[in-house]
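What follows is each chain in one-letter form.
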Amino acid sequence: MNLLPMMEGLHAAEAFNPSYLDAFFALVGRLEERPLEHAEALRGKVIASVFLEPSTRTRLSFEAAAHRLGASVITVADAKSSSASKGETLADTARMLGSYADLIVLRHPHDGASRVVSRYAGVPVINGGDGRIGHPSQTLVDLYTLFRAWGSFRGRTIGLMGDLVHGRTARSLAWAACLLGMRVVLLPGAGLDWESGLERRLIDRFDYRLRWGRHPLFTDWTGNAEVRILEPKHLVQKVLFGGDKIDINRLDALYLTRLQDERGAKAQGTSYPGVTPEQMQDGLLEDCLLLHPLPRREELPDSLDLDPRMMAFQQAAVGPVVRQGLFLSMLGEAKDSLPSLTPLPSGRSEQILGPCPNENCVSRHQGMTTAWRVVGATRRHFLCAHCDSQLAVDYAGCSSSRKVHPLHSQAVLRIRAENLRPFRERQDAEEMGYAWGG
Ligand code: NCD
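No experiment lies behind these values; they were computed from the predicted model shown.

Engineer: When you look at the sheet that holds strand β13 (residues 348–349) in this model, what are you seeing that I'm missing?
Structural biologist: Note on sheets: strands pair through backbone hydrogen bonds, and any given pair is parallel or antiparallel. With antiparallel pairing, three strands are arranged side by side in an open sheet as β13-β14-β15. This sheet does not close on itself; its edge strands, each paired only once, are β13 and β15 (381–384). Strand direction decides the pairing type here: strand β14 (residues 371–375) and β15, joined by four bridges, are antiparallel. By the bridge assignment, valine 375 is partnered in β15 with histidine 381.

Engineer: Is there a simple way to explain the state of the cysteines in this structure?
Structural biologist: By definition, a disulfide links two cysteine residues through a covalent bond between their sulfur atoms. All told, the structure shown has zero disulfides when counted by the stated rule. Free of any disulfide, cysteine 288 has its nearest neighbouring cysteine sulfur in cysteine 178, separated by 17 Å. Taking the relative accessible area as the measure of exposure, cysteine 288 reaches 0% and is therefore buried.

Engineer: Got a minute to help me understand the packing of aromatic side chains in this structure?
Structural biologist: One pair of aromatic rings is described through two measures. These are the centre distance and the angle between the planes. For the structure on display, the rule yields 14 aromatic pairs. With 4.8 Å between their ring centres and 25 degrees between their planes, phenylalanine 25 and phenylalanine 147 make a pair best called stacked. Of this pair, phenylalanine 25 sits in helix α1 (residues 18–33) while phenylalanine 147 is found in helix α5 (residues 136–150), placing the two residues 122 residues apart along the sequence. For the pair tryptophan 175 and phenylalanine 206, a centre-to-centre distance of 5.6 Å together with 75 degrees between the ring planes defines the contact as edge-to-face. In this pair, tryptophan 175 is assigned in helix α6 (residues 168–179) and phenylalanine 206 in helix α7 (residues 196–206), connecting sequence segments 31 residues apart. Exposure class is identical for tryptophan 175 and phenylalanine 206. Each is buried. Members of the aromatic cluster, each reached through a chain of ring pairs, are Phe25, Tyr144, Phe147, Trp150 and Phe153.

Engineer: Before we go on, may I ask you to explain the site of the ligand in this structure?
Structural biologist: Around the ligand, the surrounding shell consists of Arg57, Thr58, Arg107, His135, Gln138, Arg168, Thr169, Arg258, Gln260, Pro293, Leu294 and Pro295. Contact between the ligand and arginine 107: an oxygen atom at 3.1 Å from a side-chain N or O atom of the residue. Between the ligand and arginine 258, the relevant distance is 2.7 Å, taken from an oxygen atom to a side-chain nitrogen or oxygen of the residue. Taken by itself the ligand offers 320 Å² of open surface, and the protein chains cover 93% of this. Sorting the residues of the shell around the ligand by element identifies α2 (57–68) and α6 as the ones contributing at least two each. No fewer than three residues from each of domain 1 (9–132 + 318–335) and domain 2 (137–316) sit in the shell around the ligand.

Engineer: Would you mind showing me how to read the pairing of strand β5 (residues 125–130) here?
Structural biologist: Within a regular beta strand, the side chains point alternately toward one face of the sheet and then the other, so they alternate between its two faces. The buried fraction of β5 is high, at six of six residues. Looking at chain direction, strand β1 (residues 9–10) and β5 are connected through two bridges and run parallel. Residue pairing for β5: glycine 9 is matched across the bridge by valine 125. Note that strand β4 (residues 103–108) and β5 share four bridges and pair parallel.

Engineer: How do you make sense of the sheet that holds strand β7 (residues 183–188) when you look at a structure like this?
Structural biologist: Strands sit in the order β10-β8-β9-β7-β6-β11-β12 across an open sheet of seven strands; the sheet is mixed. Single-partner strands in this sheet number two, and they are β10 (245–247) and β12 (289–291). Taken over all neighbouring pairs, the strand axes of this sheet differ in orientation by 30 degrees on average, direction set aside. In terms of strand pairing, strand β6 (residues 157–162) meets β7 through six bridges, oriented parallel. Looking at the pairing, glycine 159 lines up with valine 185 of β7. Set on the sheet, α7 makes contact with β7, β8 (208–214) and β9 (226–232); between it and β8 the angle comes to about 120 degrees.

Here is what the cut-offs are and how they apply
Residues numbered from 1 in each chain as written. Predicted model: local features only at pLDDT ≥ 70, side-chain atom pairs only at ≥ 80, totals over all residues. Heavy atoms only, no water. Pairing = 2+ DSSP bridges. Helix = DSSP H or I, 4+ residues; strand = E, 2+ residues; numbered from the N terminus. Disulfide = S-S within 2.5 Å. Buried < 20%, exposed > 50% of the residue type's maximum accessible area, 1.4 Å probe, protein only. Phe/Tyr/Trp six-rings, centres within 6.5 Å; stacked < 30°, edge-to-face > 60°. Near = heavy atom within 4 Å. Polar contact = N/O pair within 3.5 Å; in protein donor to acceptor, adjacent residues only side chain to side chain. Areas by Shrake-Rupley, 256 points an atom, 1.4 Å probe, with all protein chains shown as cover. Domains from an automatic or database assignment. Axes fitted to C-alpha atoms, helices over the stretch in contact; angles between N-to-C directions. Contact = heavy atoms within 4.5 Å.

Okay, structure coming up:
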């Protein structure tokens, strides 16, 4: 059972914590105020910008950020021009990149790719979007845009709309919104809802609960009169006792996303949720900021471009300065002064678990053994350490007592995380010398 090496860099929004975000926003604010102060901060550093999927804003804003700090940039802007198209493994590409550059920004079609690269590169890796699971630097852009407008996130309500199952930006943002105590209204297009496992993890990790919210516009957008809301538990007690259904009268922000058809997404019928100028007259949206990671399609019509609530181009505009902040926090003087990101557990390898169930997981495309990590305070779950998919594990053993139990038994909650071992079948555990603990 190998422990994979620790990962450096930024791989998922799960790594954010409140003290990091506070200090990060303050740093980006200083960069905005005094843009020339850090013009030479990364002189002599080389940043590799490796984009194996199309990108305009993300790649150019990372590269602009590097230039603004005096770093040099080497770049792969087209998957066809890299050796990946000749069958080179990600591990080999990573080793090579790590010997040419001080930091790597990676966009990749497979879920969890940046985590693999960071195991072999030996330099920090920033995930510039991996498959459908994560885009944490976009989340920093989204949050900073909201922070500039609001000053604080507490008590705010944000709607996440569109292709939630294939869109990585909304997933990453959901994680950060819950971390910051926001109420999250889920507005997926028909057939485009994300898997329940993600929601369960958010609820468990942030002490949230699930409720149902109503508003006539929700029906127009999703086809359902009631939609799911994730709320901090303390907020629920204050608002009302009991009721699982509430009327929502106000959204502070709406995060729109495009249909990710390059990932196989299909809109059902003609209905893909978006906003219209008429809907923007509704009281629900009176003070609602409209965010979009771009590129946009019909969901955010250009007839709304001059509306003061439209934020998408402000998001795009702060892209470089936010990424300057990231570079400084990993390579520059802020490296030691900024609170640390919360590292993702690096994961353990386990032949016995078989392949990750997610066909788009990088481990499947790179022929790697499944690596796992364990999460959950009130219920344990074993996740793929690369792509965060829930693994088919029904039993958990304790490596110190050498006993195996059904996964959701109380006994498992008492086992220390580092001693937990996952098993698909009871028999697998017994063959490895674990006794049945019931
Ligand atoms: C997003 C992405 O690539 O995930 N774009 C971006 O980074 N600004 C969203 C998208 O492509 O729809």
